[in-house]
Amino acid sequence: MLKNYLKIAIRNFTRNKVFSSINVAGLSLGLTCCMLIVLYTKDEVSFDQFQKHKNELYRIQATMPEENGTRTIGSSNAIHGPGFKREIPEIEDVVRTQSSSFVIKKGGELLNEEILFADDNFFSIFSMPLRSGDPKKVLTDIHSIVLSEELAEKYFDTKDAVGKTIDLKIEDGFESFVVSGIAKNCPQNSSVQFKAVLPFKFQEARNWTDSEWLGFYMNTFLLLHNKADYQMVSAKMNRIFTSKLKEAGKFDDHAKRITFGLQPFLKIHMGSETGDLRNGLAHGSSPVYTYILSGIAIFILIIACINFVNLTVARSLSRAKEIGVRKVVGGLRKQLIYQFLGESFLLSFVAFGFAIVLTMMVLPTFNELANKRLALSYLLDTNLVAGYLGLLVATGLVAGFYPALILSGFSPVQTLYNRTRFSNKNYLTKGLVVFQFALSVCLVIGTIVIYSQFKYLTTKDLGYSDKNLLFFNVGRGGNPKMDVIRQELQNMTGIQSIAAFNGNYNGTGAKIGEKEISFGYIGVDDNFLKTMEVPVTKGRNFSKSYPSDPMQSVVVNEAFVKKAGWADAIGKEINFEWKNQKMNVIGVIRDYHYASLKDTIKPLLLTQDPNYRLGAIYAKLDSRDIPATVKAIEKVFRKHVPFMPFEYRFEDASNLKRYESEAKWREMITLAAILSIFVSCIGLFGLATFNAETRVKEIGIRKVLGASVTSIAALLSLDFVKLVIISILIALPIAYYAADSWLQDFPYRIAISWIYFAAAACLAIMVAVITISYQSIRSAMLSPVRSLRSE
């Protein structure tokens, strides 16, 4: 019996190659999407699950006041963890981490590496396995260092590097550190990431740490006793913090609004913004991404299954006689249901095989878009294998159950006399088409909006010129040869202008009258504004003609003036109480976007305070021979900065990199829109076929009465165009709401234009008409003799 069913199924598939191929293609696409998203979701939910103390580990967070509310950061100070541990018995242990960039000598080559400082219990608290070395001892000596396998291979060409020495640039010279352990490369599903670890005690020995209770610049993790209530621990932390500030006489209005809390370690991956993942933490994510991708994948699979139903039912009339004969010779309805379900499972199995191959082919591209390193080996998991088998069974049942019921229910008398009919009022099928195209139109509009917003972000006037603007450091904390370097570069062919500044837009605060405001604070030279092409709107720039400028004068941006509430800023006084200094505003510059367009322009103050040592350079290059100019700059750099690698960036490329997330989502949503339209067109094609099959006699009569092929094709297409128009009307308000909600996260955004909706509507109608036209024209061209000869 089973062998007979298999023969009939294969014969049926080969006779209807087009429809079988469409079914397999639709199901394969749906299954591929589900496989990719299962891989993605498995990776997301597996983050940090391997950590031994995952349920007892917490990161200290601080919530502090801002102009428009509060902000929570995952940063603390060197004193917080040990200070809390001494007074809170629920805290079993503390580990602090802080990243810093170091120059490492490799033969005659100098390289920059990000190295993590950590307490000596780091490898005991975190389950980051060591390939060699004792977890409790590898960080006890302040001149020891633990390398990852990757870094050991890079510097020693072997993973067995324990006992070897590596030279790090410390201040003005190099110091040797002994490799005390080799750590296995950090798992890709770990929030803790590092390439090398130095003892935190080294920082303490050099007095590099800050022991102020109001400092926030590193990560501190607390290991609580397994029965401790972390919310109660948070309350105790706040009481201790208040007590310490009162003892130091620093419990002012600002400090009163700062509160501490604890973030469970397992919530760091999906509960932290990317900018808050520093000092040994990386790979932040949002559960929203998982929900969206899972929703799209499930939708495509469901639509593919229902398209299978549409196509099977649409072709059922061609098998009506087969069903009638089977019933006449004694075939039971149950046997027919088994047969059609078997065909469904066979088709699903074939689609499943194609889906595995397709997943292997597109996985590298998906990894790039999702910023993952997923592999099909992830599928070799008992739960996942069971899940995929369940998915295969569910797909087969969903796709085959309804057609099996319909086909097995045909009356043998009706089928043998060609009197089988379907009602044209197939509301379920038509409703499905509306649903399909509504979501497709939403995705198309989403794609257009994301493309438009991305173009806006990458082409908007930033208030300064980032074209051919080269940035590089010549010494963190300043370089005594800065004037010499600038002079040599300024006289070089290919360079239009040179400017020096301190390299970071640091945050600070000052008093204006009785009002205290916060702002960005950078040290610059006289050429900074010229090189950046930022105009002075009022007053003047710094000038060597005014010797008092470095100690008495500042330049502010328009956002600063607005926040200070000044009508005219020139001559106004700013009181820097923290350095006991008052300075006067000599100029106002136009606002420029020194940060991402995801953030509003903040108040900014420029100074020439000699205590603010300049260690970075902007070079404005001409366009004639940029590679040669960069090489010439590197030559000057190596001459004056021999103990640092020459690392540079172009500002336009750096600005573009800020929107990598939007670029990846643009590609993902575009792909989803294309897939949804394709799968929706399969459903529409099935419905067109179904309609043509049920109206074949009507078409014959119309042709006998003189109707043209064009008029019949238009008649058959009109009903479907109506469905698409209904879907567009449903999709427009949903798409507008979704697009507007997404754009709310951007302070600088596009206006949602009606053109986006018109373009999506036209595309949907055009694709629908093209899909329908093939079957409509084919049916309209049939000979009326063939369709009416049995009447």
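Refer to the structure presented above.
Residues numbered from 1 in each chain as written. Predicted model: local features only at pLDDT ≥ 70, side-chain atom pairs only at ≥ 80, totals over all residues. Heavy atoms only, no water.

K.L.:
Give a detailed account of the nonpolar core, specifying residues and quantitative values.
P.N.:
Ranked by internal contacts, the top residues of the largest apolar core, which has 71 residues, are Phe366 and Phe437. Counting residues per element, the ones that place at least two in this core are α2 (17–45), α10 (287–314), α12 (333–370), α15 (427–459), α22 (660–694), α24 (709–743) and α25 (754–780). For this core, the leading source of residues is α15, giving 12 residues. Not counting residues up to four positions away in its chain, the partners in contact with Phe366 are Leu36, Ile37, Tyr40, Leu374 and Met668. (Core = buried A, V, L, I, M, F, W, Y, C linked by side-chain atoms within 4.5 Å. Buried < 20%, exposed > 50% of the residue type's maximum accessible area, 1.4 Å probe, protein only. Helix = DSSP H or I, 4+ residues; strand = E, 2+ residues; numbered from the N terminus. Contact = heavy atoms within 4.5 Å.)

K.L.:
Kindly report on the pattern of salt bridges, identifying the contributing residues and their values.
P.N.:
Once their charged atoms are close, side chains differing in charge can pair, the charge on each being opposite to the other. For the structure shown, the criterion picks out 22 salt bridges. Between Lys244 and Glu87 there is a salt bridge, with the nearest N and O atoms lying 3.4 Å from each other. Taken together, the positions of Lys244 in helix α7 (residues 230–248) and Glu87 in helix α3 (residues 80–87) put the pair 157 residues apart, joining distant regions of the chain. On the basis of relative accessible area, Glu87 is assigned to the partly exposed category, the value being 45%. When the shortest N-O distance is used, the salt bridge between Glu651 and Arg649 registers 2.9 Å. (Salt bridge = Lys/Arg side-chain N within 4 Å of Asp/Glu carboxyl O.)

K.L.:
Outline the pairing of strand β7 (residues 165–170), listing residues and values.
P.N.:
The side-chain alternation of β7 yields one buried face, formed by Ile166, Leu168 and Ile170, and one unburied face, formed by Thr165, Asp167 and Lys169. Pairing between strand β3 (residues 91–106) and β7: two bridges, direction antiparallel. The partner of Lys105 across the bridge, within β7, is Asp167. Relative to strand β8 (residues 173–183), β7 is paired through six bridges, and the arrangement is antiparallel. If you follow Ile170 over to β8, its bridge partner there is Gly173. Connecting the antiparallel pair β7 and β8 is a turn made up of two residues, with Glu171 showing a positive phi of about 55°. (Pairing = 2+ DSSP bridges.)

K.L.:
Could you give an account of the environment of Ile88, with specific residues and numbers?
P.N.:
Within the element layout of this structure, Ile88 appears in the loop between α3 and β3. Given the relative accessible area of 1%, Ile88 is considered buried. Taking C-alpha positions, Ile88 is 9.3 Å from Ile240, a pair spaced 152 residues apart along the chain. In contact with Ile88, not counting residues within four places along its chain, are Val233, Lys236, Met237 and Ile240.

K.L.:
An account of the packing of aromatic side chains is requested, with residue identities and associated values reported.
P.N.:
The relative placement of two aromatic rings is captured by the distance of their centres and the angle of their planes. Under the criterion given, the structure shown has 38 aromatic pairs. For the ring pair Phe122 and Phe126, a centre distance of 5.3 Å and an interplane angle of 50° mean the geometry is tilted. Phe122 sits in the buried class, given a relative accessible area of 1%. Here Phe126 falls in the buried class, since its relative accessible area comes to 1%. Each ring, one from Phe241 and one from Phe260, has its centre 4.8 Å from the other, and the planes form 75°; the classification is edge-to-face. Residue Phe241 is found in helix α7, and its partner Phe260 is found in strand β11 (residues 259–264); the two are separated by 19 residues along the sequence. On the accessibility criterion, Phe241 (1% relative accessible area) is buried. For Phe260, a relative accessible area of 5% corresponds to the buried category. Over the face of the ring belonging to Tyr155 we find Lys106, whose NZ or CZ atom lies 6.0 Å from the ring centre. Arg666 extends its terminal NZ or CZ atom over the ring of Tyr451, reaching a point 4.9 Å from the ring centre. (Phe/Tyr/Trp six-rings, centres within 6.5 Å; stacked < 30°, edge-to-face > 60°. Lys NZ or Arg CZ within 6 Å of the ring centre and 35° of its normal.)

K.L.:
Residue-level account of α7, with values.
P.N.:
Taking 1.5 Å as the rise per residue, α7 with 19 residues should run 27 Å; its terminal C-alpha atoms sit 27 Å apart, in good agreement. For α7, the full list of buried residues reads Val233, Ser234, Met237, Asn238, Ile240, Phe241 and Leu245. Close packing links the buried residues of α7 with β1 (57–66), α3, β3, β10 (219–224), α8 (253–256) and β11. Sitting at the amino-terminal end of α7 is Asp229, which places a side-chain oxygen 3.0 Å from the backbone nitrogen of Gln231. Phi turns positive, to about 70°, at Gly249, one or two residues after α7. (Expected span 1.5 Å × (residues − 1). Polar contact = N/O pair within 3.5 Å; in protein donor to acceptor, adjacent residues only side chain to side chain.)

K.L.:
So, the packing of helix α16 (residues 482–490) against helix α20 (residues 626–640): which residues are in play, and what are the values?
P.N.:
Their axes nearest at 10 Å, the elements α16 and α20 cross at an angle of 160°. It follows from the interaxial angle that α16 and α20 lie roughly antiparallel. The way α16 lies across α20 gives a crossing that is right-handed. Across the interface between the two elements, Val484, Ile485, Glu488 and Leu489 from α16 touch Ile633, Val636, Lys639 and His640 from α20. Split into classes, the residues belonging to the contact of α16 with α20 amount to five nonpolar, one polar and two charged. (Axes fitted to C-alpha atoms, helices over the stretch in contact; angles between N-to-C directions. Parallel < 35°, antiparallel > 145°, perpendicular 65-115°, else oblique. Left-handed = near helix turned anticlockwise from the far one by under 90°. Nonpolar A, V, L, I, M, F, W, Y, C, P; charged D, E, K, R; others polar.)

K.L.:
Pulling in residues and values, what's your account of the sheet that holds strand β13 (residues 495–501)?
P.N.:
One open sheet holds the four strands; their spatial order is β13-β21-β12-β22, and the pairing between them is antiparallel. Of all strands in the sheet, those bounded by a partner on one side alone are β13 and β22 (648–650). For this sheet, the mean angle separating the axes of adjacent strands, direction not counted, is 20°. Together, β12 (469–473), β13, β21 (616–621) and β22 form the strand contacts of α20, whose direction differs from that of β21 by roughly 150°.

K.L.:
Requested: an account of unusual backbone geometry, with residues and values cited.
P.N.:
Phi at Asp157 is positive, roughly 60°, even though this residue is not glycine. With respect to the element layout, Asp157 can be found in the loop between α5 (149–156) and β7. Residue Asp157 is classed as exposed on the basis of its relative accessible area of 65%. Even without a glycine there, the phi angle at Asn468 is positive, about 55°. Position of Asn468 among the secondary structure elements: in the loop between α15 and β12.

K.L.:
Now, about the pairing of strand β9 (residues 196–199): what can you tell me, with residues and values included?
P.N.:
Where burial is concerned, the two faces of β9 agree: the one with Ala196 and Leu198 and the one with Val197 and Pro199 are both buried. Where strand β4 (residues 109–118) and β9 come together, three bridges link them in parallel fashion. Paired with Phe117 across the strands is Leu198, a residue of β9. Looking at chain direction, strand β6 (residues 144–148) and β9 are connected through two bridges and run antiparallel. Within β9, the residue paired with Val146 across the bridge is Val197.

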